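Architecture at a glance
In case you want the letters, here they are:
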Amino acid sequence: MQHEREAHVFIFPLPVQGPVNCMLKLAEILSINQIKVTFLNTDYIHQRLITHTDAPIRFRNYPDFCFRTVPDGLPEENPRTSTEIGNLLESMDASAAPIFREMLLTAETPVTCLIADGVFAFATDVAAEIGVPLLYFDTVSPCGFWTLLCLPKLIQAGEVPFKDGNLDEMITNVPGMEGIIRRRDLPSFCRTNDINDRRIRLILREAEHIPLAQGLIFNTFNNLEAPILAQIRTICPNIYAIGPLHAHLKSREARPATSNSIWEEDRSCISWLDKQPSKSVVYVSIGSLAVMTKDQMCEIWHGLVNSGVRFLWVRRPGSVPGCSDETEILSPDQDVTRGTEERGCIVRWAPQEEVLAHPAVGGFLTHSGWNSTLESMVEGKPMICRPYFLDQHVNSRYVEAVWKVGLDMKDSCDRAVVEKMVREVMESRKDEFLEVAEEVAESARAAVSPGGSSFADMDLLIEEIKTMKIAIK
Ligand code: UDP
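Note that the structure is a prediction, hence the values are computed from the model and not measured.

1. Some thoughts on the site of the ligand
Among the 19 residues in the neighbourhood of the ligand, the closest are listed as S288, A350, N371, S372 and E375. N21 has a polar side-chain atom sitting 3.5 Å from an oxygen atom of the ligand. Q352 is positioned such that a nitrogen or oxygen atom in its side chain is 3.3 Å from an oxygen atom of the ligand. Alone, the ligand offers 540 Å² of accessible surface; in the complex the protein occludes 93% of this. No other element matches the 4 residues that helix α15 (residues 370-378) contributes to the shell around the ligand. Class assignment of the residues belonging to the shell around the ligand gives a composition of 6 nonpolar, 12 polar and 1 charged.

2. A look at α15
Counted residue by residue, α15 has 9 buried out of 9 residues, so it is predominantly covered. Listed as buried for α15 are W370, N371, S372, T373, L374, E375, S376, M377 and V378. Within two residues after α15, G380 carries a phi angle of roughly 65°, on the positive side.

3. Thoughts on empty space enclosed by the protein
Scanning the model with the defined rule gives 2 cavities of 30 Å³ or more in all. The computed volume of the largest cavity comes to approximately 60 Å³. What lines the largest cavity is simply N21, C22, K25, N219, L245, H246, N371, L374 and E375. For the lining of the largest cavity, the elements supplying multiple residues, two or more each, are α1 (17-32), α10 (245-253) and α15. Taken together, the residues of the lining of the largest cavity sort by class into 3 nonpolar, 4 polar and 2 charged. A volume near 50 Å³ is recorded for the second largest cavity. Around the second largest cavity, the lining residues are V284, S285, I286, M292, I300, L365, T366, R386 and Y388. When contributions to the lining of the second largest cavity are tallied by element, the ones reaching two or more residues are β8 (281-285) and β11 (361-366). For the lining of the second largest cavity, a count of residues per class yields 6 nonpolar, 2 polar and 1 charged.

4. Observations concerning the sheet that holds strand β5 (residues 134-137)
Here 7 strands make up an open sheet; going across it, the order is β3-β2-β1-β4-β5-β6-β7 and the pairing parallel. With partners counted over all chains shown, the strands left at the sheet margins are β3 (65-70) and β7 (239-241), one partner each. Looking at each pair of strands side by side, their axes are set apart by 20° on average, direction ignored.

5. Describing the pattern of salt bridges
For side chains bearing opposite charge, pairing can occur when the charged atoms are close. Across all of its chains, the model carries 27 salt bridges by this definition. Ionic pairing is found between E342 and R343, a salt bridge with its closest N-O pair at 3.5 Å. Linking E432 and R429 is a salt bridge whose minimum nitrogen-to-oxygen distance equals 2.7 Å. Overall, the relative accessible area of 28% leaves R429 in the partly exposed class. Salt bridges linked by common partners bring D168, R182, R184, D185, R191, R397, D408, K410 and D411 together as one network.

6. Looking at the side chain of H302
By the element assignment, H302 lies in helix α12 (residues 294-307). Once residues lying within four places of it in the same chain are set aside, the contact partners of H302 are D333, V336 and R415.

7. Quick look at the environment of G344
Along the chain, G344 falls in strand β10 (residues 344-347). Once residues within four sequence positions are removed from consideration, G344 is found in contact with W272, F311 and G339.

8. Here's the deal with the sheet that holds strand β13 (residues 406-408)
The parallel open sheet is built from 6 strands, whose spatial order is β10-β9-β8-β11-β12-β13. The outermost strands of the open sheet, each flanked by one partner alone, are β10 and β13. Taken over all neighbouring pairs, the strand axes of this sheet differ in orientation by 15° on average, direction set aside. Direction of pairing for strand β9 (residues 310-314) relative to β10: parallel, over a ladder of 4 bridges. Residue pairing for β10: W313 is matched across the bridge by I346. With respect to the sheet, α12 is in contact with β8, β9 and β11, its orientation differing from that of β9 by roughly 155°.

How each quantity is defined
Counting from 1, residues in each chain are numbered in the order their sequence is written. Reporting in this predicted model follows two pLDDT cut-offs: at least 70 for local features of residues, and 80 or more for side-chain atom pairs to be given and counted; totals over whole chains, interfaces and linings ignore these cut-offs and use all residues. To obtain the side-chain values, all non-hydrogen atoms of the structure were used and water was disregarded. Any residue with at least one heavy atom within 4 Å of a molecule or strand is counted as near it. Nitrogen and oxygen atoms within 3.5 Å of one another constitute a polar contact, given that in protein one can donate a hydrogen and the other can accept it, and given that sequence-neighbouring residues count only through two side-chain atoms. Each accessible area is a Shrake-Rupley estimate made with a 1.4 Å probe; only the visible protein chains count as cover when residues are assessed. Helix and strand definitions follow DSSP, with helices as H or I runs of at least four residues and strands as E runs of at least two, each counted in order from the N terminus. Under this grouping Gly is polar, as are all residues other than the nonpolar Ala, Val, Leu, Ile, Met, Phe, Trp, Tyr, Cys and Pro and the charged Asp, Glu, Lys and Arg. Buried residues are those whose accessible area, probed at 1.4 Å on protein chains only, stays under 20% of the maximum for their type, while exposed residues exceed 50% and partly exposed ones sit between those limits. Computed over the protein atoms alone on a 1 Å grid, cavities are sets of points where a 1.4 Å probe fits but cannot get out and pockets are open sets with protein on both sides within 12 Å along at least five of seven lines; a residue lines them when it has an atom within 4 Å of a point. Grid points are joined across faces, edges and corners, and a volume is the space filled by probe spheres set on the points. DSSP-based pairing: two strands are paired if at least 2 bridges between them are found. The axes are straight lines fitted to the C-alpha atoms, using for helices just the contacting stretch, and the angles between their N-to-C directions are given from 0 to 180°. Salt bridges are identified by distance alone: a Lys or Arg side-chain nitrogen within 4 Å of an Asp or Glu carboxyl oxygen. Contacts between residues were defined by any pair of non-hydrogen atoms, one from each residue, lying within 4.5 Å.

Below is the structure:
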């Protein structure tokens, strides 16, 4: 017998909302296909999933699925926002990595395949030690990921750090992106003058480890990013492009969205949307990690109100550091307060997939996180992009310059720009953007339907995991 061992996948996501959500969706598809899955959460994330979702109950439907947990090493009250990611990763290297290794070495049913976030460099040693294939799953966009992989080249060629302050200079050392990205479109840490910056060191370490994996999984679809995937194949030929994952799960299961939110969703915004005219509302959110200053928040607020467009705005607790509660960020301006009462709805966390699918939503003012971008694309909603960090700067550039499904507000956040771009996407160029966005949506939905490229890649991944065909280098 070739494979009398039972296929057993061990999944370890980066413990933040986006990757956990994505990998849970992948875990669910593998479980539906009778593959045994162990899913490793940090205690912090797991506690929030238990509190705010039915995920643990939902997964009980799969007898071969189990959750395990590890500490992330940070104190409970420590924020887990974008500014803390470096600390979180260092802390996990020290506290979670050894436990993770021990779990794999002592698993009752031997692990036959490891799927881990690309940032976990320690996974390559552990996979080699237990002799199983490692698939890195970076849940950022492939276009963003490619710029990260090219960082060594950019440094070697002298393009990073930037030689002067001209952020409009075109970048020439990211193959496939010539004529598309400027300095300002690279991940924001490239703006540092310090080559020893902790974020640069982390990415260089990741770029070194990625080619050691037996394969890469991406949350994208071929029609959207084929040229970028071709570039990434020069580093790691075995790629599974299985996205958009949230739509993929729905397509395979023929059922509505399930939530893996680590904050409580405020569903009152859906009743509010129900009362608004078709495609009249701009949805505003900066995702689960980004933070902004009080000034930036104020500019966005004025811009939204001044545009005269209806808006649904997610203001995540903790997203304006230094402002501990709502009262500190209340607008002193009466016009803004009145405009908000008349046309706005503000919540702390929304059921985003459902919001974007709602007929009243006509556009998305987004931080350009990759999950948000894909969720918007699947629903055919044009975007106004205000990126904060990592792949978001690349994504927002691609949204405007390559996929043409929105505008990139990058580096400017004043009220006049917000107002102008909201009006453009929601009013003056509405039909043009909606037409392209609908084409992209159709292409995304086709990719995750039987006969589509992502559907085929997922079938291949399932088959190769089951038959243990993924060769170890
Ligand atoms: N999200 C949500 N409700 C909100 C805001 C965000 O459910 O009010 C979800 C959103 O649907 C997406 C994730 O949080 O799946 C954010 O991931 P993304 O990659 O867009 O950004 P990140 O949070 O990683 O910066």
